[in-house]
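An overview of the molecular structure
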Amino acid sequence: MVNTITDTPPVVAPPPVPATRTRRPRRRRLVRYLLRFVAVGYVAALVAMPVVVVTWRVIDQGWSVFWEAITAPEAIHAYKVTAQVAGCAVLINAVFGVGMAILLARYRFPGRTLLNVLIDVPISVSPIIVGLALVLAFGWTTGWFGSELQSAGIQVIFSMPGMVLATAFVSLPLVLREVLPVLEEEGIEQEQAARSLGANAPQRLWRITLPTIRWALAYGVVLTLARSVGEFGAVRVVSGDVTGQTQTLTLVVDQRAEQFEPGAYQLSVLLIAMSAICIVAISLIRPRGER
Amino acid sequence: MGIAAHGISKRFGSFVALDDVDLDVETGQLTALLGPSGGGKSTLLRIIGGLEDPDAGSVHIDGVEATDIPAQRRNVGFVFQHYAAFKHLSVFRNVAFGLEIRRRPKAEIRRRVHELLDLVHLDQFADRLPSQLSGGQRQRMALARALAVEPKVLLLDEPFGALDTKVRKELRDWLRRLHDEMQVTTVFVTHDQEEALEVSDEIVVINNGRIEQTGSPNELYDHPANDFVMGFLGPVTRLGERLVRPHDIEVLGAETTGALRGEVLRLVRVGFEVRAELRADGSDPWVQLTRGQADALSLEPGRTVWLRPAHDAATLAVT
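Residues numbered from 1 in each chain as written. Chains lettered and ligands numbered in written order. Predicted model: local features only at pLDDT ≥ 70, side-chain atom pairs only at ≥ 80, totals over all residues. Heavy atoms only, no water.

**Points about the overall build of chain B**
In terms of regular secondary structure, chain B is built from nine helices and 18 strands. Principal-axis analysis of the C-alpha atoms gives chain B an extent of 80 × 45 × 30 Å. Taking all 319 residues of chain B together, the buried fraction comes to 52%. Here the contacts in chain B between residues at least 6 apart in sequence split such that 64% fall between residues at least 24 apart. Total accessible area on chain B stands at roughly 14,600 Å², and carbon and sulfur atoms take up 46% of it. Side-chain charges of chain B comprise 38 positive and 47 negative groups, with the mean position of each set lying 7 Å from the other. (Helix = DSSP H or I, 4+ residues; strand = E, 2+ residues; numbered from the N terminus. Buried < 20%, exposed > 50% of the residue type's maximum accessible area, 1.4 Å probe, protein only. Contact = heavy atoms within 4.5 Å. Areas by Shrake-Rupley, 256 points an atom, 1.4 Å probe, with all protein chains shown as cover. Lys, Arg positive; Asp, Glu negative; His and termini not counted. Charge placed at Lys NZ, Arg CZ, Asp CG, Glu CD.)

Structure follows, in structure tokens:
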């Protein structure tokens, strides 16, 4: 009895009637185990099993196949493209995320509520729609600004800028949603104190605001990076999926899997490993940010 | 004149925070802005400090027009109710902040910061983070930080409001002594009349966006301009058609001309004092007496006495 209570989360027991005293905890324990089983089973079926199957396939095919797949020229090119696209998207979203968070936390202006809602749209809209919308807006033949962009010689769609735009779009709110609550909680007094001590706006940003949000920002950046590296739908539409040119890692995986070429599982495992590193990084950052 | 704020008005939406207020603070004085919360006193302080812009009016600091000078160039020390400590910086770096912004030489900064930390008795905590200090220590750090830049005026917004009673009292005495040493023009906001009466050279009573009265603590206590000031600075009771302080009522055992006849309803003893609740001439005054006075008059419920204001008492007609 005593042990079962200490090794489980505390339950506030109602002042017990002697007759039910012995039966109730047992029934509760049963319910608790059942719930745990459901929760673990759910995660196992949805997350762990596919990961294990993919990893097993890779191990089964052997180290040399793995090495060959991840050092293939297409793969190496895809690393570069992915790094560039994700890097740019992270940079853009870090700068704009912090800027917008400061705007939303510190100022009241007409349209503020609308802006606050719009920022979450990228999370709820399917990436493929984002991709199509970008093609409609920036494509040379279809786009609203297509002819102007073409005459200026700027290619957005089927090239880097479009891929960065698409990736930045789908990961837009991640930095902002981490930073905004911290700014709101800390309030404005530290900045006002800095102001009365002679600090101008850039000095206040650098010496007070950024140090205050640094863990939230780091967390948001890691989330954005993970999301950007894994982005597929929107990038697929805007990139044109040209082998050796505009293929990110996820697009290479897709191509290999579609055409039954070797390497899809190996590169998938690589992506899984990157996500795992991001998750570890997040869990290392989080407790410090909450302290 | 240390601070001259003239014709200051400020609205927040439809709420009038300040309505054509004139404030003059002499150089080197310690002035309290006293009033109920929401009365506009904090807004006035923030306007002087440049943290808020007035809708109308002008601010002069040390004779220099400061209305359009941004807060960071006014050279004003500001202390906040909730300390506004820079949480990520050590106590030393907090105090050094203003000097670092002004790009003073490292050696000078170190010397000056340690001087100030010594002054506020925090030198041994120089390397700690604000989160490792108590509330009172944090506020002393905030004060040292504000003083580090040698401000022309020091502004404190409810500086002791977040502290418990004992610490508040200590810091109050300490602020007074510090001010006597430094002689910097100081304005502090408070809603605690005892704090204002005890610490300041001059009190400005602010209510509903207007200044009700300005004067020394004694002037305000003894000669309140109206019933609001009288009521805000201390207890008030009604005797007949006059408002008077409960300790300024004379209780007489025999009929006297000019005194109102009253009946004792209730006696309450609180430690050394006795509160007598009476009825006299359609009013229900209460009188504050010492135990000796009450015994000498052998007061008891039902006894008839005669009441009049003491001859030098401040009284106001009931409006």
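**Here we look at the domain arrangement of chain A**
All names here are of chain A. Once the domains are mapped, chain A shows domain 1 (4-61) and domain 2 (63-290). Taken residue by residue, the interface counts six residues in domain 1 and seven residues in domain 2. Buried area between domain 1 and domain 2, both sides added, is near 650 Å², and the carbon and sulfur share of it is 73%. Sorting the residues of domain 1 by area buried against domain 2 places Val 54, Val 58 and Gln 61 first, and these three jointly supply 71% of that buried surface. At the boundary of domain 1 and domain 2, one finds zero salt bridges. Taken together, the links from domain 1 to domain 2 amount to one residue pair in polar contact (both at pLDDT 80 or more). When the residues that make up the side of domain 1 that touches domain 2 are grouped by side-chain class, the tally is three nonpolar, two polar and one charged. (Domains from an automatic or database assignment. Buried area = accessible area lost by both parts, 1.4 Å probe. Salt bridge = Lys/Arg side-chain N within 4 Å of Asp/Glu carboxyl O. Polar contact = N/O pair within 3.5 Å; in protein donor to acceptor, adjacent residues only side chain to side chain. Nonpolar A, V, L, I, M, F, W, Y, C, P; charged D, E, K, R; others polar.)

**Quick look at the nonpolar core**
Soluble globular proteins tend to bury their nonpolar side chains together. All names here are of chain B. Val 95, Val 113, Leu 117, Leu 143, Leu 154 and Ile 203 are the most contacted members of the largest nonpolar core, which totals 45 residues. In terms of residue count, the dominant contributor to this core is helix H4 (residues 135-148) (seven residues). When near neighbours in sequence (up to four residues on either side) are disregarded, Leu 154 contacts Gly 77, Val 79, Leu 143, Ala 146, Leu 147, Val 184, Thr 185, Thr 186 and Val 187. Counting 37 residues, the second largest nonpolar core, distinct from the first, contains Leu 18, Ile 47, Ala 66 and Ala 84. (Core = buried A, V, L, I, M, F, W, Y, C linked by side-chain atoms within 4.5 Å.)

**Regarding the side chain of Gln 137 of chain B**
Within the secondary structure layout, Gln 137 of chain B lies in helix H4. Apart from residues no more than four positions distant in its own chain, Gln 137 of chain B is found in contact with Leu 122 and Phe 125 of chain B.

**Examining the interface of chain B and chain A**
In this assembly, 23 residues from chain B lie in contact with 18 residues from chain A. Between chain B and chain A, a total of about 1,900 Å² is buried, with carbon and sulfur atoms accounting for 55% of that surface. Broken down residue by residue, the surface that chain B buries against chain A is led by Gln 72, His 88 and Ile 101 of chain B, which jointly contribute 32%. Scanning the region where chain B abuts chain A turns up two salt bridges. A salt bridge links Glu 100 of chain B to Arg 207 of chain A, with the nearest nitrogen and oxygen atoms 3.3 Å apart. There are six residue pairs in polar contact (both at pLDDT 80 or more) connecting chain B and chain A.

**Some words on the packing of helix H5 (residues 73-106) of chain A against helix H10 (residues 160-170) of chain A**
Residue and element names in this part refer to chain A. For the pair H5 and H10, the least separation of the axes is 9 Å and the interaxial angle reads 55 degrees. By the criterion of interaxial angle, the relationship of H5 to H10 is oblique. When you trace H5 past H10, the crossing you get is right-handed. Judged by residue contacts, Val 81, Gln 84, Val 85, Cys 88, Ala 89, Ile 92 and Asn 93 of H5 engage Met 160, Met 163, Val 164, Thr 167 and Ala 168 from H10. Of the residues assigned to the contact of H5 with H10, the class counts are nine nonpolar, three polar and no charged. (Axes fitted to C-alpha atoms, helices over the stretch in contact; angles between N-to-C directions. Parallel < 35°, antiparallel > 145°, perpendicular 65-115°, else oblique. Left-handed = near helix turned anticlockwise from the far one by under 90°.)

**A short note on the sheet that holds strand S17 (residues 304-309) of chain B**
Residues and elements named next belong to chain B. A sheet is described by the order of its strands in space; here five strands give the open sequence S13-S17-S14-S15-S16, paired in antiparallel fashion. Each having just a single partner strand, strand S13 (249-252) and strand S16 (286-290) make up the two edges of the open sheet. Across the sheet, the mean angle separating the axes of adjacent strands is 45 degrees when strand polarity is ignored. Alignment of strand S15 (residues 273-280) against S16, held across five bridges, turns out to be antiparallel. Looking at S16, one finds that Ala 276 is bridged to Val 287. (Pairing = 2+ DSSP bridges.)

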